[in-house]
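# Chains, contacts and geometry: an overview
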Amino acid sequence: MWPRIGGLRTLALGTPGEMRANLNTLVLAGVKTATAGLLTSDYAEENEELERVGERLVLVDDHDGLVGVVEVTGVEVVRFADVSWEFARSEGEGDRSIEEWREGHRRYWAREGFTVDDDSQVVCIRFRFVSAGDGGISTGDLGT
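Attention here is on the structure that accompanies the text. (Residues numbered from 1 in each chain as written. Predicted model: local features only at pLDDT ≥ 70, side-chain atom pairs only at ≥ 80, totals over all residues. Heavy atoms only, no water.)

Now for the sheet that holds strand β1 (residues 4-5). The strand order across the open sheet formed by six strands is β1-β2-β4-β5-β6-β3, and the pairing between neighbours is mixed. Lying at the two open borders of the sheet, with one neighbouring strand each, are β1 and β3 (34-38). (Pairing = 2+ DSSP bridges. Helix = DSSP H or I, 4+ residues; strand = E, 2+ residues; numbered from the N terminus.)

Moving on: helix α1 (residues 18-28). Of all the positions in α1, only Arg20, Leu23, Asn24 and Val27 are classed as buried. Across the axial projection of α1, the buried residues extend over an arc of 100 degrees, all falling on one side. Exposed residues lying more than 90 degrees from the buried face of α1 are Glu18 and Thr25. Packed against the buried residues of α1 are β4 (56-60), β5 (66-79) and β6 (121-132). Just beyond α1, the residue with positive phi is Gly30, at close to 80 degrees. (Buried < 20%, exposed > 50% of the residue type's maximum accessible area, 1.4 Å probe, protein only. Arc of directions from axis to C-beta. Contact = heavy atoms within 4.5 Å.)

Here we take up the packing of aromatic side chains. One pass over the structure, following the stated rule, counts three aromatic pairs. Where Phe80 meets Trp101, the ring centres are 5.8 Å apart and the plane angle is 25 degrees; that geometry is what we call stacked. Separated by 21 residues along the polypeptide, Phe80 in the loop between β5 and α3 (85-90) and Trp101 in helix α4 (residues 98-111) bring together distant segments of the chain. Each member of the pair, Phe80 as well as Trp101, is classed as buried. For the ring pair Phe80 and Trp109, a centre distance of 6.2 Å and an interplane angle of 70 degrees mean the geometry is edge-to-face. Of this pair, Phe80 sits in the loop between β5 and α3 while Trp109 sits in helix α4, and the two are 29 residues apart along the sequence. One aromatic cluster is present, built from ring pairs that chain together Phe80, Trp101, Tyr108 and Trp109. (Phe/Tyr/Trp six-rings, centres within 6.5 Å; stacked < 30°, edge-to-face > 60°.)

Scope: geometric values only; no functional claims are made or implied.
Below, the structure is given as structure tokens:
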């Protein structure tokens with residue numbers, strides 16, 4: 001199971017270190033408004049349910065410290081080959097084409113030990129940034 005903060009599930013983007021720091025910065029700047037995960041590795045193996053529209057997630061750093069809060073605005077499970085360019089652009093990571101996005105994600109998941117083919121199920125999550133840090137709110141105010 002994913003860690004919880006104040007009863008909310010966490011959103012740990014990418015891998016710890018420079019990648020996570022960069023992705024968190026993109027979220028805080030409002031550039032990154034989506035993320036993708038593999039249904040089998042990110043959910044089934046972790047015994048996690050899919051996110052729900054309206055659910056708030058705590059964006060975390062390498063040490064599961066609160067960086068900010070996002071609210072889920074959309075969740076869709078699609079074949080890897082069917083991820084749209086519009087979705088890929090909303091990840092805000094600078095890919096110049098859907099092919100570049102697919103290749104980058106294949107490489108990332110391969111480094112994590114997962115082979116991805118056209119039929120792999122991808123969870124496409126859209127979100128909106130709610131607040132940075134604790135935003136002056138206590139964990140009790142996070143919707144728990």
